[in-house]
Amino acid sequence: MGVSIIGAGMTPVREHWSRGLDDLAVEAGAIALRDADLSHVDALYVGNGYGGAFNRQTQLGSLLSARLGLSTVEAYTCEAGEASGGVALRTGYLAVESGAVASALIIGVEKSTDIVGSARVSARGVSLDADLESINGATLTAMAGLLMRRYMHEYGVSLAQFEGFSLNAHQNGSRNKFALFRNRLRSGAFVRAPMLADPVSLFDSAPDGDGAAAVLLVKSELAADLAPYPVAVIGSAVATDCLALQDRADPLELRAAAISAASCLEQAGLAPGDLDALELHDAYTVLTALSLEAIGFSERGSGWEWARDEGARIAPNADLPLSAFGGLKSRGNPGGATGIYQAVEAVLQLKGQAGDSQIAGARNILIQNIGGLGATVATHILSAAND
Amino acid sequence: MTLGDMELSVGASRGFDARAVERGTVYSYTLVQEAGAEFEAQAPYYLALVELENGALITAQLTDIAGEVTIGDAVEMVTRKLTTDGARGMIVYGYKFRPAMT
């Protein structure tokens, strides 16, 4: 029993003006196939959030399978906004674990720069509640602003107290050549950044980027024969909450993050303290604070405390390493590809191949991919294979 | 006829009773600087979560704001133009909230 990752690949997150969605996806998929030394898989699951809105392109399974030489395989898109990658990984996990397919390639891809400016802001808004939120002028960033302001109000937290999350992300991203923005942030710049939807600023919100990432899944009992360093998926779960923030029992509780993380930890037989590193969905700093509370690293209202001291406690070899490759904030936010970027980054860590981003001795890493402001949450725990 | 008398079939199907919800307080708010295409001409504008008197939250723009907005401000629902839809400029009406007059 069990599912393992035997191949992984990704493109840099960039504004890839000269490349199409298919070019990026095929590059990442081909790297993962080559990494696994396979030329065929039984299924292809594509994580993509906005192909219809950004690129006027759906049926990505068909589009990509042909270009990867996988024509006629089972192939289709799994969509849950920015959690699309995470739910595609979950779909692949279920397919392989059940025995319905022996191998599955999961590609997360997003090509956001096919449209720009306010048109892209509108397009991303399709993952909000159309009738209750978007029609009233809500954007994803505006909803994050509403959440963050309420968090600050209820818990008496200042804007500056979130700064460490962004400082840590950019410090880490500066070492990752695949990251979109490798600049470091100076302490103090965070609170002076231009506001997008206050209190969410340019230095709080993750920047859109284009990119694709891929992992190749097989049954764990086959993995040892196929790859020298397979990575086991020891926890896999998806949970949902009300799509509209206004309908949640408590907007400041990421219920789907809590439920999916608890399920993963139970499957893995681990406690939060057993995790060596986390890749959280830091599209906005308030989501990081709320995720840390949901997973069990902080009491309600105190997740922000991990950002203290310019993020010293969440640095790569500190108490709780977060966003070792820069997270969404610095590596970039490749929309529905995000969950697979997190998986590839965790695989590199667990294989000891993370280069300048390496966390010494990492064995268990939790990755959490959030759609909207917590409406769909896919959580996985990846582990260095059994010795 | 007030908004509360109207049949809001979409809202009703989502557990939203228009008759109990014309007044409330600001639960949270933000000033939207980076708007989508349909709202770009209005930016910056205030978006809020309003806690209605029946305890429900509703997402809506704030309008007729002269000074500062603060969490807890009393507000009331008004019918306003939200945006125009498509090349023919069909007007989309909906609800916004303004500072309570009474």
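Quick notes on the rules
- Residues numbered from 1 in each chain as written.
- Chains lettered and ligands numbered in written order.
- Predicted model: local features only at pLDDT ≥ 70, side-chain atom pairs only at ≥ 80, totals over all residues.
- Heavy atoms only, no water.
- Helix = DSSP H or I, 4+ residues; strand = E, 2+ residues; numbered from the N terminus.
- Buried < 20%, exposed > 50% of the residue type's maximum accessible area, 1.4 Å probe, protein only.
- Contact = heavy atoms within 4.5 Å.
- Areas by Shrake-Rupley, 256 points an atom, 1.4 Å probe, with all protein chains shown as cover.
- Rg over C-alpha atoms; globule rule 2.2 N^0.38 Å.
- Domains from an automatic or database assignment.
- Buried area = accessible area lost by both parts, 1.4 Å probe.
- Salt bridge = Lys/Arg side-chain N within 4 Å of Asp/Glu carboxyl O.
- Polar contact = N/O pair within 3.5 Å; in protein donor to acceptor, adjacent residues only side chain to side chain.
- Nonpolar A, V, L, I, M, F, W, Y, C, P; charged D, E, K, R; others polar.
- Pairing = 2+ DSSP bridges.
- Axes fitted to C-alpha atoms, helices over the stretch in contact; angles between N-to-C directions.
- pLDDT = per-residue confidence, 0-100.
- 1 Å grid on protein atoms, 1.4 Å probe; cavity = no way out; pocket = protein on both sides within 12 Å on 5 of 7 lines; lining within 4 Å.
- Points joined across faces, edges and corners; volume = space filled by probe spheres on them.

Peer 1: I'd like to hear about the overall build of chain B, residue by residue, with values.
Peer 2: Helix and strand content of chain B: one helix and five strands. Reading the helices (α) and strands (β) of chain B from amino to carboxyl end gives α-β-β-β-β-β. Taken over 102 residues, chain B has a buried fraction of 42%. Long-range contacts, defined here as pairs at least 24 residues apart, represent 46% of the contacts in chain B between residues at least 6 apart. Element-wise, carbon and sulfur atoms account for 50% of the exposed surface of chain B, whose accessible area totals about 5,500 Å².

Peer 1: Kindly report on the overall build of chain A, identifying the contributing residues and their values.
Peer 2: Helix and strand content of chain A: 14 helices and 11 strands. Since a compact globule built from 387 residues should have a radius of gyration of about 21 Å, the 19 Å found for chain A is in line with a globular shape. In terms of principal-axis extent, the alpha carbons of chain A reach across some 55 × 45 × 40 Å. A buried classification covers 66% of the 387 residues belonging to chain A.

Peer 1: Any details on the domain arrangement of chain A? Residues and values, ideally.
Peer 2: All names here are of chain A. By the assigned domains, chain A splits into domain 1 (3-116 + 209-226) and domain 2 (117-206 + 234-384). Summarising the inter-unit geometry, the C-alpha centres of domain 1 and domain 2 are found 22 Å apart. Domain 1 puts 42 residues into the contact, and the matching count from domain 2 is 43 residues. Of the roughly 3,200 Å² buried between domain 1 and domain 2, counting both surfaces, carbon and sulfur atoms make up 67%. Taken as a group, Met10, Val13 and Glu82 account for 25% of the area that domain 1 buries against domain 2, more than any other trio of residues on that side. On the surface where domain 1 and domain 2 come into contact, there are two salt bridges. Note that Glu82 is salt-bridged to Arg124, the shortest N-O span being 2.4 Å. Between domain 1 and domain 2 we count 19 residue pairs in polar contact (both at pLDDT 80 or more) in total. At the level of secondary structure, the elements contributing two or more residues to the side of domain 1 that touches domain 2 comprise strand S1 (3-10), helix H2 (51-55), helix H4 (84-98), strand S4 (103-110) and strand S7 (211-219). Looking at the side of domain 1 that touches domain 2, the element that brings in the most residues is H4, giving seven residues. Considered class by class, the residues forming the side of domain 1 that touches domain 2 number 22 nonpolar, 14 polar and six charged.

Peer 1: Before we move on, could you go through the sheet that holds strand S9 (residues 277-279) of chain A and cite the residues and values that matter?
Peer 2: The pairing of strands in a sheet comes from backbone hydrogen bonds and takes either a parallel or an antiparallel form. All names here are of chain A. The strand order across the open sheet built from nine strands is S3-S2-S4-S7-S1-S8-S11-S10-S9, with neighbouring strands paired in mixed fashion. Every other strand in the sheet has two partners, leaving strand S3 (74-78) and S9 as the edge strands with one partner each. For this sheet, the mean angle separating the axes of adjacent strands, direction not counted, is 25°. When strand S8 (residues 231-240) meets strand S11 (residues 376-384), the two strands line up antiparallel, connected through nine bridges.

Peer 1: Got a sec to walk through the interface of chain A and chain B? Specific residues and values, please.
Peer 2: At the interface, 30 residues of chain A touch 29 residues of chain B. Of the roughly 2,600 Å² buried where chain A meets chain B, counting both sides, 56% is carbon and sulfur surface. Of all residues in chain A, Asn136(A), Leu146(A) and Gln246(A) bury the most surface against chain B, accounting for 25% of the area lost on that side. Across the contact surface, chain A and chain B share zero salt bridges. Applying the counting criterion to the chain A and chain B interface returns 17 residue pairs in polar contact (both at pLDDT 80 or more). Where the side of chain A that touches chain B is concerned, the elements lending two or more residues are helix H5 (117-124), helix H6 (140-155) and strand S5 (195-197) of chain A. At nine residues, the largest contribution of residues to the side of chain A that touches chain B is made by H6(A). Per-class residue counts for the side of chain A that touches chain B are 13 nonpolar, 10 polar and seven charged.

Peer 1: Go over the environment of Asp85(B) with me, naming the residues and quoting the values.
Peer 2: Mapped onto the secondary structure, Asp85(B) falls in strand S4 (residues 74-85). The contact partners of Asp85(B), leaving out residues within four places of it in the chain, are Met90(B) and Val92(B).

Peer 1: Requested: an account of the confidence of the model for chain B, with residues and values cited.
Peer 2: Taken as a whole, chain B shows an average pLDDT of 86; of its residues, 80% reach a score of 70 or greater. pLDDT under 50 marks residues 8-12 of chain B. Its contacts with residues more than four places away, or in other chains, come to four contacts.

Peer 1: Talk me through the layout of surface pockets; I want residue IDs and the actual numbers.
Peer 2: Taken as a whole, the largest pocket holds about 530 Å³ of empty space. Forming the walls of the largest pocket are 24 residues, and the residues nearest its centre are Leu202(A), Ala206(A), Pro207(A), Asp208(A) and Glu34(B). Elements with a contribution of two residues or more to the lining of the largest pocket: H5 and H6 of chain A. Residue contributions to the lining of the largest pocket peak at four residues, all from H5(A).

Peer 1: Can you explain the pattern of salt bridges? Please cite residues and give values.
Peer 2: Applying the stated rule across the entire model yields 21 salt bridges over all chains. A salt bridge links Glu53(B) to Arg23(B), with the shortest nitrogen-to-oxygen separation between them at 3.6 Å. Pair noted here: Glu53(B) is in the loop between strand S2 (45-52) and strand S3 (57-62) and Arg23(B) is in strand S1 (residues 23-32), with a separation of 30 residues, a long-range link. According to the relative accessible area criterion, Glu53(B) is exposed, its value standing at 60%. A relative accessible area of 29% means that Arg23(B) is categorised as partly exposed. Linked through salt bridges whose partners overlap, the residues forming this network are Glu82(A), Arg120(A), Arg124(A) and Asp208(A).

Peer 1: Just give me the short version of the environment of Ser201(A), but keep the residues and values in it.
Peer 2: All names here are of chain A. Here Ser201 shows up in strand S6 (residues 200-201). Spatially, the C-alpha atom of Ser201 lies 31 Å from that of Gln57, the residues being 144 residues apart in sequence. Residues contacting Ser201, with those up to four places away along its chain left out, are Phe190, Ala193, Pro194, Met195 and Leu196. Of note is the side chain of Ser201, whose polar atom sits 3.2 Å from the backbone nitrogen of Phe203.

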